[in-house]
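Residues per chain are reported as follows:
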Amino acid sequence: MLKRARLPLVAAPMLLVSGPELVIAACRAGVFGSFPTANCRAEGELDEWLYRIAAACGPDAAPCVPNLIVHRSNPRLDQDLDVILRHRPAAVITSVGSPAAVAPALRAAGIQVWCDVATVRHAERAIDAGADGLILLTAGAGGQTGSANPFAFVRAVRQRFDGIVALSGGQADGHALLAARALGCDLGYMGTRFIATREARADERYKDFVVESELDDIHLTNALSGLETNLLRRSLLAQGLDPAEFGLGPKRFSMTALEGREGGAPKRWRDIWSAGHSVSGVSDVPSVAELVDRLAAEYAEAARTTHALTAEPAQAAESGRVPGGAW
Ligand SMILES: Cc1cc2nc3c(=O)[nH]c(=O)nc-3n(C[C@H](O)[C@H](O)[C@H](O)COP(=O)(O)O)c2cc1C
């Protein structure tokens, strides 16, 4: 299944940003495409999107792996699960909660379950629930972020899990993607980089903010949904909001709060925009196909550089010779 992709990469699911255009372009370019099923608003829309994506991609494209938000405050979980079971994608990404309630049905239908997790304890619970893959949310990720250090987290998970591991957070180019692979991951996972693509359903000003921001301009708060979320400082300022008032308080996730259905202006996720530390690696708004070509070239270049860096010390280590500064 992983070999159906040209690059070991998922164009990550993003609330309001990932639609069929982005997914189709990603899968056709050769990376896994994904979207949260919550992005389908109208009755029957999820069914229609999955048919449209399958028809546009055909058998040679990389797989589409839809994302189910499994938190109990998601009112559409059962309904969306039924649609997914009928379409049988190769895998489903579960987020914001334990996959235990949905994993048996998905796995019985031959659908792999990839779970996003932010702590070792979450990872262990997902493994116990039968996860085929783990997506490790780490510090600096766009959207609802993790706080773990990626080096420590990947190595801790690799001590207990030999299934598929994807690293989420901080990657915007092929060099970072290769680093994720070197660390022990099967896949990289990029959200922020794909906001600034032509196919993303993001406001043009949102794309400009991603291009113009540095990682210092990313603001961490849990005031939006209860979970720690990275926001574009420029977006808060553009809404006339003071970033100092968007801090860290008590935690309680609520999907209705996230969507702004609990009242209050501005309209939450729609008007206050999120991105991760990887904004520092985004300086243009290409098409997805152009972006994936560029990532593939960078990945190949990074592999060449890494080979040059490691070949002599590796040979020296194998022969027991001290490499003498060849590191
Ligand atoms: C605007 C935005 C919306 C997101 N929405 C979701 C979502 O609905 N479901 C989900 O599992 N992850 C969501 N994420 C997280 C991404 O899937 C991914 O984990 C993250 O973007 C990776 O970090 P990066 O942005 O540094 O690449 C979102 C991220 C962003 C930036």
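This one's a predicted model, so the numbers in the text were calculated from it and none came from an experiment.

### Here we look at the overall build of the protein chain
Secondary structure assignment for the protein chain yields 13 helices and eleven strands. Relative to the globule expectation of 20 Å for 327 residues, the C-alpha radius of gyration of the protein chain, 20 Å, shows essentially globular dimensions. Along the first, second and third principal axes, the C-alpha set of the protein chain runs to 65 × 50 × 40 Å. Relative to its 327 residues, the protein chain shows a buried fraction of 53%. For the protein chain, long-range pairs separated by at least 24 residues make up 65% of all intrachain contacts whose partners lie at least 6 apart in sequence. Carbon together with sulfur atoms contributes 51% to the accessible area of the protein chain, which is approximately 14500 Å² in total. If you average the places of the 33 positive and of the 37 negative side-chain charges in the protein chain, the two averages end up 3 Å apart.

### Remarks on the site of the ligand
Taken together, 25 residues sit near the ligand, with Pro13, Leu15, Asn67, Gly191 and Thr192 positioned nearest. Between the ligand and Leu15, the relevant distance is 2.8 Å, taken from a nitrogen atom to a main-chain nitrogen or oxygen of the residue. In this structure, Gly142 approaches the ligand through a main-chain N or O atom, which is 3.1 Å from an oxygen atom. Starting from 610 Å² of accessible surface for the ligand in isolation, the protein chains cover 95%. In this structure, the shell around the ligand is formed jointly by two domains, domain 1 (2–201) and domain 2 (204–279), each of which donates at least three residues.

### Details of the side chain of Asn230
Structurally, Asn230 is set in strand S11 (residues 229–232). If we skip the residues at most four places from it in the chain, Asn230 touches Gly140, Ala141, Gly143, Thr145, Ile218, His219, Leu220, Ser274 and Ala275.

### Digging into helix H7 (residues 174–183)
Gly174, Leu177, Leu178, Ala180 and Leu183 are the residues of H7 that are buried. Of the surrounding elements, those touching the buried residues of H7 are strand S1 (9–11), helix H6 (150–158), strand S8 (164–168), strand S9 (187–190) and helix H13 (288–319). With its phi angle positive at about 125°, Gly184 sits one or two positions after the end of H7.

### Description of the UniProt feature "signal peptide" (unreviewed entry) in the protein chain
With numbering aligned to this structure, UniProt lists the feature "signal peptide" (unreviewed entry) at residues 1–25. Between the end C-alpha atoms of residues 1–25 the distance is 19 Å, and the span holds 24% helix and 12% strand.

So, how was this worked out
- Residues numbered from 1 in each chain as written.
- Predicted model: local features only at pLDDT ≥ 70, side-chain atom pairs only at ≥ 80, totals over all residues.
- Heavy atoms only, no water.
- Helix = DSSP H or I, 4+ residues; strand = E, 2+ residues; numbered from the N terminus.
- Rg over C-alpha atoms; globule rule 2.2 N^0.38 Å.
- Buried < 20%, exposed > 50% of the residue type's maximum accessible area, 1.4 Å probe, protein only.
- Contact = heavy atoms within 4.5 Å.
- Areas by Shrake-Rupley, 256 points an atom, 1.4 Å probe, with all protein chains shown as cover.
- Lys, Arg positive; Asp, Glu negative; His and termini not counted.
- Charge placed at Lys NZ, Arg CZ, Asp CG, Glu CD.
- Near = heavy atom within 4 Å.
- Polar contact = N/O pair within 3.5 Å; in protein donor to acceptor, adjacent residues only side chain to side chain.
- Domains from an automatic or database assignment.
- UniProt positions renumbered as here; feature names shortened; annotations may be inferred.

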